[in-house]
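# Structure assessment
Here is how the chains run, residue by residue.
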Amino acid sequence: MDHFLYRDGVLHAEDVPVAEIAASVGTPFYLYSTATLVRHYRLFDEALSWGPHLVCYAMKAASNQAILKTLAAEGAGMDVVSGGEYARARAAGVPGDRIVFSGVGKTEDEVRLALEGGIRQVNVESEPEMRMLSEVAVSMGVEVPITVRVNPDVDAQTHAKIATGKSENKFGIPIAKARAVYAEAAALPGLRVIGIDVHIGSQLTQLAPYGQAYAKVAELTRQLRADGHEITRLDLGGGLGIPYTRSNEAPPLPTEYGQLVQETVGDLGCEIEIEPGRLIAGNAGILVSRVIYVKEGEGRNFLILDGAMNDLIRPAMYEAHHDIVPVIEPVPGVEQVAYDVVGPVCESGDTFAKGRLMPPLAAGDLVAFRSAGAYGAVMASEYNTRPLVPEVMVKDDQFSVIRERPTFDEIINRDTIPEWL
Ligand SMILES: *Cc1c(COP(=O)(O)O)cnc(C)c1O
């Protein structure tokens, strides 16, 4: 459930008419609902309430400071994958002991930043990284809590670009090598082994792959304990999928996921961490865009929007489907028209949907891309010198611009001309 609903024939974000925001901010823009963000975070928190746990929001899904502050106020931790994200989390007021550092290629500068500011744990993804981390920790005179990310070699049955748990993927260390790697970790100064980390991919629509992965983690926990390691925390990653269309089968709910976690690893007495991103932010955001032209092609109609692939790259990058709805509620029973929905960027890949059945639309009409809150604004660029898409947040009957649209001058002035020109 989200909080973008038609009311009196017009799309609202919570209690605010979307058209009112469009008139004030201009299009395109991302629009987030506070109530939906909070609701999704709480679903996970409640799903794990059977034991000690921390829900660490995977902030790469949507990392605006206002979103982070909203979730941090609920008690969320943060899963960060870069020094920049670490700095963002701290700037939003998240204490270091609620920040988990993930990622396959952390640099020395990045881990130094995290160790200086404080970190809950570092999820180590390779032996060279582990040795580097040990050296940095020793040079700073600190001891850093770590887990090792294991690759359980299970098929997450998701899009190839977001599957991470097969042995051919670059993530983690093969689970078969785990005992040797843990032995080395325990021997390295500056590191304190506290647990195991796993993350098998994104947009998972079934529980079975989690079941397989977590069973392997449970087995590994017992082996590592027998080897003398203190395993007190399990970081089980994120990845639970969301429904991108109203029609398709609904992915498992956080409650069902929480039950599976309890069934597979609940008897180990570990603190549980999870790292959901998409499920918290995805349906908490829409992208609002305006129709510039309706162009009749040969045998097809193009709906040319002022939003483009640089604003929302998921369709071009992952063949992703987004429902696109008019901001004015269609009259029931109106005959639908097939549109190719496209943006103005000079690439054929700038196509959001082909032959999409929609109510008839005209230049000037507003449309909303649903389920655009995750991996939307964070992946936006200024390709074609289109200003970085702004972000807006609603809470009840209020809205606020949480990232301004840059002016052309601001964009141009980021460049500097060499002296010789
Ligand atoms: C991307 C990522 C997540 C979040 O995945 P979602 O599908 O957005 O829930 C969690 N953990 C790690 C390590 C990731 O890379």
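What you are looking at is a predicted structure, and each value in this text was computed from that prediction instead of being measured. (Residues numbered from 1 in each chain as written. Predicted model: local features only at pLDDT ≥ 70, side-chain atom pairs only at ≥ 80, totals over all residues. Heavy atoms only, no water.)

Take the sheet that holds strand S3 (residues 16-17) next. In spatial order, the strands read S1-S2-S3; together these three strands make up an open sheet with antiparallel pairing. Sheet topology places strand S1 (4-7) and S3 at the edges, where each strand pairs with a single neighbour. As defined by bridge partners, S1 adjoins strand S2 (residues 10-13) across four bridges and the pair is classed as antiparallel. Bridged to tyrosine 6 within S2 is leucine 11. (Pairing = 2+ DSSP bridges. Helix = DSSP H or I, 4+ residues; strand = E, 2+ residues; numbered from the N terminus.)

Inspection of the region around the ligand gives 14 residues, with Lys60, Ser202, Glu275, Arg278 and Tyr375 positioned closest. The contact in question runs from a nitrogen atom of the ligand to an N or O atom on the side chain of aspartate 79, over 3.5 Å. The contact in question runs from an oxygen atom of the ligand to an N or O atom on the side chain of tyrosine 375, over 2.5 Å. In isolation the ligand has 390 Å² of accessible area, and contact with the protein removes 93% of it. (Near = heavy atom within 4 Å. Polar contact = N/O pair within 3.5 Å; in protein donor to acceptor, adjacent residues only side chain to side chain. Areas by Shrake-Rupley, 256 points an atom, 1.4 Å probe, with all protein chains shown as cover.)

Here we come to empty space enclosed by the protein. Any space left empty among the atoms is revealed by the rolling of a water-sized probe across them. In the structure shown here, the tally under the stated rule is one cavity of 30 Å³ or more. Approximately 40 Å³ is the volume attributed to the largest cavity. As for the largest cavity, its lining consists of Phe44, Tyr210, Gly237, Gly238, Gly239, Leu240, Tyr257, Ile274, Glu275 and Pro276. Here the lining of the largest cavity is composed, by residue class, of six nonpolar, three polar and one charged. (1 Å grid on protein atoms, 1.4 Å probe; cavity = no way out; pocket = protein on both sides within 12 Å on 5 of 7 lines; lining within 4 Å. Points joined across faces, edges and corners; volume = space filled by probe spheres on them. Nonpolar A, V, L, I, M, F, W, Y, C, P; charged D, E, K, R; others polar.)

It is worth spelling out the side chain of arginine 120 at this point. Note on placement: arginine 120 falls in the loop between helix H5 (108-117) and strand S8 (121-124). Overall, the relative accessible area of 12% leaves arginine 120 in the buried class. A polar side-chain atom of arginine 120 sits 2.8 Å from a polar atom in the side chain of glutamate 271. When near neighbours in sequence (up to four residues on either side) are disregarded, arginine 120 contacts Leu54, Gly96, Asp97, Arg98, Ile99, Val100, Pro145, Arg233, Glu271 and Glu273. (Buried < 20%, exposed > 50% of the residue type's maximum accessible area, 1.4 Å probe, protein only. Contact = heavy atoms within 4.5 Å.)

With the rule as written, the count across this model stands at 20 salt bridges. Close ionic contact of arginine 131 with glutamate 184 constitutes a salt bridge, the shortest N to O distance being 2.6 Å. Taken together, the residues arginine 131 in helix H6 (residues 127-140) and glutamate 184 in helix H7 (residues 178-187) connect sequence positions 53 residues apart. Between glutamate 271 and arginine 233 there is a salt bridge; the shortest N-O distance is 3.3 Å. In this pair, glutamate 271 sits in strand S13 (residues 271-274) while arginine 233 sits in strand S12 (residues 233-235), placing the two residues 38 residues apart along the sequence. Exposure remark for glutamate 271: the relative accessible area of 23% places this residue in the partly exposed category. With a relative accessible area of 13%, arginine 233 lands in the buried category. Shared partners join several salt bridges into a network, and the residues in it are Arg120, Arg233, Glu271 and Glu273. (Salt bridge = Lys/Arg side-chain N within 4 Å of Asp/Glu carboxyl O.)

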